[in-house]
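Chain by chain, the residues:
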Amino acid sequence: MQFLEFLPDTPLVSFTILILVALLVPPIFEKLHLPGLVGLLVAGILLGSNGLNLLDPQDDTIKLLSDAGKIYLMFVAGLEIDLDDFRNKKNRSLGFGVATFLLPLVAGIAVGRIFGFSWNASILIGSLLSSHTLLGYPIVNRLGVVRNEAVTVTIGATIFTDIAALLVLAICISIHQGEFTPASLAIQLGSLALYSFTVLYGIDRVGKAYFHRTGDEESNQFLFVLAAVFLAAVGAQLINVDKIVGAFLAGLAVNDVIGHSPVEEKVEFVGSTLFIPFFFVAMGLLLDIPTFVETITSPYGLGLTLAIIGSLIASKFLAALGVKLLYRYDWNEMLTMWSLSLPQVAATLAAALAGFQALNSAGDTLLSEAVFNTVIVMMLVTAILGPVLTARFARKLPLPQQGRGRAIDASSDWDATQEGVTPHPFTVVVPVYNPLTTKYLIEMGVLLARQESGTLVPLSIAKAHVHMDDPQLKISLIQSQKLLKRAGETSHEFDMEAKPILRIDDDIANAIGRVAREQNASLVVMGWSQTTGLRARLFGSVIDRVFWASHCPVAVMRLLEEPINIHRLLVPVKAITPRSLKAIRFAQRFADTNQASLTLLHVCVPNTPQEQIAAFEQKLEKVLANAKLKVSSEIKTVAHEDAAHVILKVSRSFELVILRSTRRRTAGGLAVSDVTTQVVKKLTCSLVLFGEPHS
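Residues numbered from 1 in each chain as written. Predicted model: local features only at pLDDT ≥ 70, side-chain atom pairs only at ≥ 80, totals over all residues. Heavy atoms only, no water.

It is worth spelling out the sheet that holds strand S4 (residues 523-527) at this point. Reading across from one edge, S3-S2-S1-S4-S5-S12-S9-S6-S7-S8 is the order of the 10 strands in this open sheet, with mixed pairing throughout. The two strands at the open ends of the sheet, each matched to only one other strand, are strand S3 (501-505) and strand S8 (632-639). On average, each strand axis in the sheet is inclined to that of its neighbour by 25 degrees, with strand direction left out of account. Packed onto the sheet, helix H23 (residues 578-594) meets S4, strand S5 (554-558), strand S6 (568-572), strand S7 (597-604), strand S9 (656-660) and strand S12 (686-691) and runs at close to 155 degrees relative to S9. (Pairing = 2+ DSSP bridges. Helix = DSSP H or I, 4+ residues; strand = E, 2+ residues; numbered from the N terminus. Axes fitted to C-alpha atoms, helices over the stretch in contact; angles between N-to-C directions. Contact = heavy atoms within 4.5 Å.)

Another aspect to go through is unusual backbone geometry. The phi angle at asparagine 53 is positive, at roughly 60 degrees, despite the residue not being glycine. Structurally, asparagine 53 can be placed in the loop between helix H2 (36-47) and helix H3 (60-79). Relative accessible area serves as the criterion here: at 52%, asparagine 53 is assigned to the exposed category. Notably, asparagine 520 is not glycine yet its phi reads approximately 50 degrees, a positive angle. Residue placement: asparagine 520 occurs in the loop between helix H20 (508-518) and S4. Taking relative accessible area as the criterion, asparagine 520 reaches 30% and is therefore assigned partly exposed. (Buried < 20%, exposed > 50% of the residue type's maximum accessible area, 1.4 Å probe, protein only.)

Before going further, it helps to spend a moment on the nonpolar core. In a soluble, globular protein the nonpolar side chains are often hidden away together inside. Phe75 and Leu349 are the most contacted members of the largest nonpolar core, which has 111 residues in total. Counting residues per element, this core draws most heavily on helix H12 (residues 262-286), at 12 residues. Look past the residues within four positions of phenylalanine 75 in its chain and what remains in contact with it is Val225, Val229, Ala247, Phe248, Ala250, Gly251, Val254 and Val267. With 47 residues, the next largest nonpolar core counts Leu456, Leu483, Val525 and Ile658 among its residues. (Core = buried A, V, L, I, M, F, W, Y, C linked by side-chain atoms within 4.5 Å.)

With that settled, consider the side chain of serine 686. Inspection of the secondary structure assignment puts serine 686 in strand S12. At 2.9 Å, the side chain of serine 686 forms a polar contact with the backbone nitrogen of leucine 560. Those residues in contact with serine 686, other than ones at most four positions away along the chain, are Arg558, Leu559, Leu560, Glu561, Ile566, Glu655, Leu656 and Val657. (Polar contact = N/O pair within 3.5 Å; in protein donor to acceptor, adjacent residues only side chain to side chain.)

Right, let's get into the packing of aromatic side chains. Note on aromatic pairs: each is described by the distance of the centres and the angle between the planes. This model, assessed by the stated rule, comprises 12 aromatic pairs. For the ring pair phenylalanine 15 and phenylalanine 278, a centre distance of 5.9 Å and an interplane angle of 75 degrees mean the geometry is edge-to-face. Separated by 263 residues along the polypeptide, phenylalanine 15 in helix H1 (residues 11-31) and phenylalanine 278 in helix H12 bring together distant segments of the chain. Here phenylalanine 586 and phenylalanine 690 contribute two aromatic rings whose centre-to-centre distance is 5.1 Å and whose plane-to-plane angle is 35 degrees, an arrangement assigned as tilted. Placement of the pair is phenylalanine 586 in helix H23 and phenylalanine 690 in strand S12, with a sequence separation of 104 residues. We classify phenylalanine 586 as buried; its relative accessible area is 1%. Of the residues examined, phenylalanine 690 reaches a relative accessible area of 0% and is grouped as buried. An aromatic cluster of at least three residues, connected via ring pairs, comprises Tyr72, Phe75 and Phe275. The ring of tryptophan 331 carries lysine 324 above its face, with NZ or CZ at 4.7 Å from the centroid. (Phe/Tyr/Trp six-rings, centres within 6.5 Å; stacked < 30°, edge-to-face > 60°. Lys NZ or Arg CZ within 6 Å of the ring centre and 35° of its normal.)

Right, let's talk about a nonpolar patch on the surface for a bit. On the surface, Ile28, Leu32, Leu34, Ile384 and Val388 cluster together into a nonpolar patch covering about 440 Å² of accessible area. Summarising the element assignment, leucine 34 is placed in the loop between H1 and H2. (Patch = residues over 30% accessible without salt bridge, like charges linked within 9 Å, V, L, I, M, F, W, Y side chains within 5 Å. Areas by Shrake-Rupley, 256 points an atom, 1.4 Å probe, with all protein chains shown as cover. Salt bridge = Lys/Arg side-chain N within 4 Å of Asp/Glu carboxyl O.)

So, about the environment of proline 458. Here proline 458 shows up in strand S2 (residues 455-463). Separated by 25 residues in the primary sequence, proline 458 and leucine 483 place their C-alpha atoms 9.0 Å from one another. If we ignore the near neighbours within four places in the chain, the residues touching proline 458 are Val430, Ile442, Leu484, Ala487, Ala498, Lys499, Pro500 and Ile501.

It is worth spelling out the pairing of S12 at this point. Within S12, 6 of the 6 residues are buried, which leaves the element mostly enclosed by the surrounding structure. Where S5 meets S12, 5 bridges bridge the pair, whose relative direction is antiparallel. Bridge pairing links arginine 558 to leucine 687 in S12. Pairing analysis gives 5 bridges linking S9 to S12, with the strands arranged parallel. The residue of S12 that forms the bridge with isoleucine 658 is valine 688.

The next thing to look at is the environment of serine 460. Positionally, serine 460 belongs in strand S2. For serine 460, a relative accessible area of 1% translates into the label buried. Linking serine 460 and alanine 511, residues 51 residues apart in sequence, is a C-alpha distance of 9.6 Å. Once residues within four sequence positions are removed from consideration, serine 460 is found in contact with Val432, Ser480, Leu483, Leu484, Ile501, Leu502 and Arg503. Within the structure, the side chain of serine 460 is placed 2.9 Å from the side chain of serine 480, a separation counted as a polar contact.

On to helix H9 (residues 182-214). Side chains of residues three or four places apart in an α-helix project in the same direction, reflecting 3.6 residues per turn. The end-to-end C-alpha distance of H9, which contains 33 residues, comes to 47 Å, matching closely the 48 Å that a straight helix rising 1.5 Å per residue would cover. Looking only at H9, the buried set comprises Gln188, Leu192, Tyr195, Ser196, Val199, Ile203, Asp204, Gly207, Phe211 and Thr214. (Expected span 1.5 Å × (residues − 1).)

Within this structure, the stated rule accounts for 3 cavities of 30 Å³ or more. Empty space within the second largest cavity amounts to approximately 40 Å³. Forming the walls of the second largest cavity are Ser127, Leu128, Ser131, Ala165, Leu166, Leu169, Ala347, Thr348 and Ala351. (1 Å grid on protein atoms, 1.4 Å probe; cavity = no way out; pocket = protein on both sides within 12 Å on 5 of 7 lines; lining within 4 Å. Points joined across faces, edges and corners; volume = space filled by probe spheres on them.)

For the structure shown, the criterion picks out 7 salt bridges. Residues glutamate 493 and lysine 439 are paired through a salt bridge, measuring 3.3 Å at the closest nitrogen-oxygen approach. Remark: lysine 439 occurs in helix H18 (residues 435-451) and glutamate 493 occurs in helix H19 (residues 471-493); sequence separation between them is 54 residues. Residue classification places glutamate 493 among the exposed residues on the basis of a relative accessible area of 52%.

This is how it looks when you write it as structure tokens:
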């Protein structure tokens with residue numbers, strides 16, 4: 001193509017093309033119900049030597065961005081492992097982890113030997129089958145069965161399978177690149193053990209100390225995390241281990257340091273937006289299409305592909321079957337474990353690329369191009385098959401019992417109080433900023449506080465300046481005083497005395513959280529913010545940070561009419577959990593103050609057994625009865641695949657919808673939208689987004 005001659009020969013062109021691909025391609029493939037990563041691979045093929053020839057996989061810029069993406073992919077894989085789930089069910093998680101690692105490993109070794117590969121290459125092929133990527137996590141999360149023991153055990157097993165597979169990779173590459181002797185193997189294993197201990201223990205200790213010292217300085221904490229992951233990757237190369245091993249270990253170490261914090265969201269956002277898509281595009285660039293087609297169509301290549309995919313599916317099935325018999329799981333739990341452990345994406349692709357690029361002194365690669373092409377096919381097959389099977393089997397799982405045998409009482413206090421501690425008076429803090437929304441927010445705060453014979457605290461925050469006599473600060477103080485005066489007038493209309501607070505602070509979110517803590521607030525009522533741009537996604541909006549920092553529940557409101565005129569409430573309920581019960585409790589309290597009716601909407605997947613629906617409705621009825629409030633309530637169940645569509649349709653008959661705040665998750669480094677996000681964008685009535693502390 002002649003127009004390519006006019007493109008300047010600069011790395012900026014390659015980077016711009018990659019940005020455009022990451023922006024445009026994944027949404028197109030997701031609309032076709034295909035994983036976005038498939039689109040990135042296809043884009044890499046089209047932009048490489050077999051297509052437009054716009055990108056060269058041997059270009060230094062592409063190599064650098066691909067390496068960064070590969071490191072980030074494995075780092076996020078370690079970061080997303082739920083260590084709490086692993087600790088809670090560590091024995092059973094290790095049991096399933098050992099089974100779902102060893103059986104595919106043995107099967108892969110057998111396939112490799114049958115097709116004429118060396119012992120070293122065959123062992124590496126086996127390790128490629130032994131890990132798994134939790135692409136089905138968003139599905140089990142949507143179905144409300146994440147806390148089912150079988151699902152928890154499968155998630156916990158990921159930590160064992162990924163670590164073991166990466167250790168096998170490290171040893172195989174070390175053997176391939178050097179002269180193998182028992183002494184060299186012992187030295188390699190010893191250095192690897194020392195390195196692993198240094199990364200896991202060192203980053204954990206240093207990170208916790210650094211985070212404690214820096215407090216709320218999220219930008220420095222973000223840079224610390226980046227430094228940790230790339231230092232770990234460089235350290236791995238110093239001991240002749242592939243950098244992805246260090247990245248994964250760094251993810252595990254940082255996981256325990258940052259927890260589910262705003263810093264974690266920023267780290268995952270940068271990775272899933274930039275670096276990880278670059279890695280998948282680079283994988284597509286490496287595919288030689290004529291060789292790829294020949295591999296999967298020739299008798300040898302087709303046989304190898306079918307053998308590897310077949311052995312993976314069969315060995316993962318046998319591992320889940322063995323655990324079923326050992327731990328007495330039912331068939332739906334066993335099949336869900338099998339389907340969750342099928343997808344081979346993150347660790348498999350990164351390890352396959354490492355093996356394909358590993359050269360010995362003779363210039364031979366550890367994994368042949370035929371195996372590399374087969375792994376790509378396996379990734380495509382399992383990335384589609386795994387989630388489809390998970391959606392089919394997980395919907396039949398019984399919803400987990402909450403509270404570990406202890407009934408959860410929805411009529412309990414808003415904030416948990418320790419035994420022997422006198423509960424403080426019910427206090428509602430209402431930050432006021434926008435004169436147009438102040439009246440409705442104060443009115444809502446008055447209704448909720450009065451129902452509990454509590455206290456209303458209007459809060460106005462003036463943005464701090466370096467000089468306290470700055471004219472802008474004086475203007476802000478005057479505006480804040482006017483807002484507080486208006487808030488006081490509104491509360492007087494409802495015969496309630498407010499206790500206004502004026503605070504000067506340079507951080508709005510921190511100021512709200514600190515005042516709420518100082519006042520022993522039971523609830524924070526905030527106005528809605530439409531801040532959804534790039535800056536908000538990178539640094540978090542005020543709402544995001546208040547949700548994270550607050551010690552008490554937070555209700556963010558978009559009120560289209562006066563609260564006293566709202567009489568029909570809708571609360572979607574996916575599963576009965578402590579957090580969802582708090583949202584129901586909030587709705588009951590508001591309905592009781594306003595003589596409103598309350599409808600609980602449960603959207604279940606089609607073909608859900610009628611017995612399971614009836615059992616769930618009985619639990620909801622018990623929750624409503626436990627509140628001991630005279631509220632007109634009903635339960636509505638709708639079977640539909642698209643929960644957001646149902647909520648939006650049903651909401652047309654209601655004046656207020658109360659949603660529970662849920663954070664976005666990632667799977668294999670790619671962002672997955674949730675029902676709450678879809679509903680918030682399209683809802684036409686008043687809205688309350690109810691969030692728990694650290695949510």
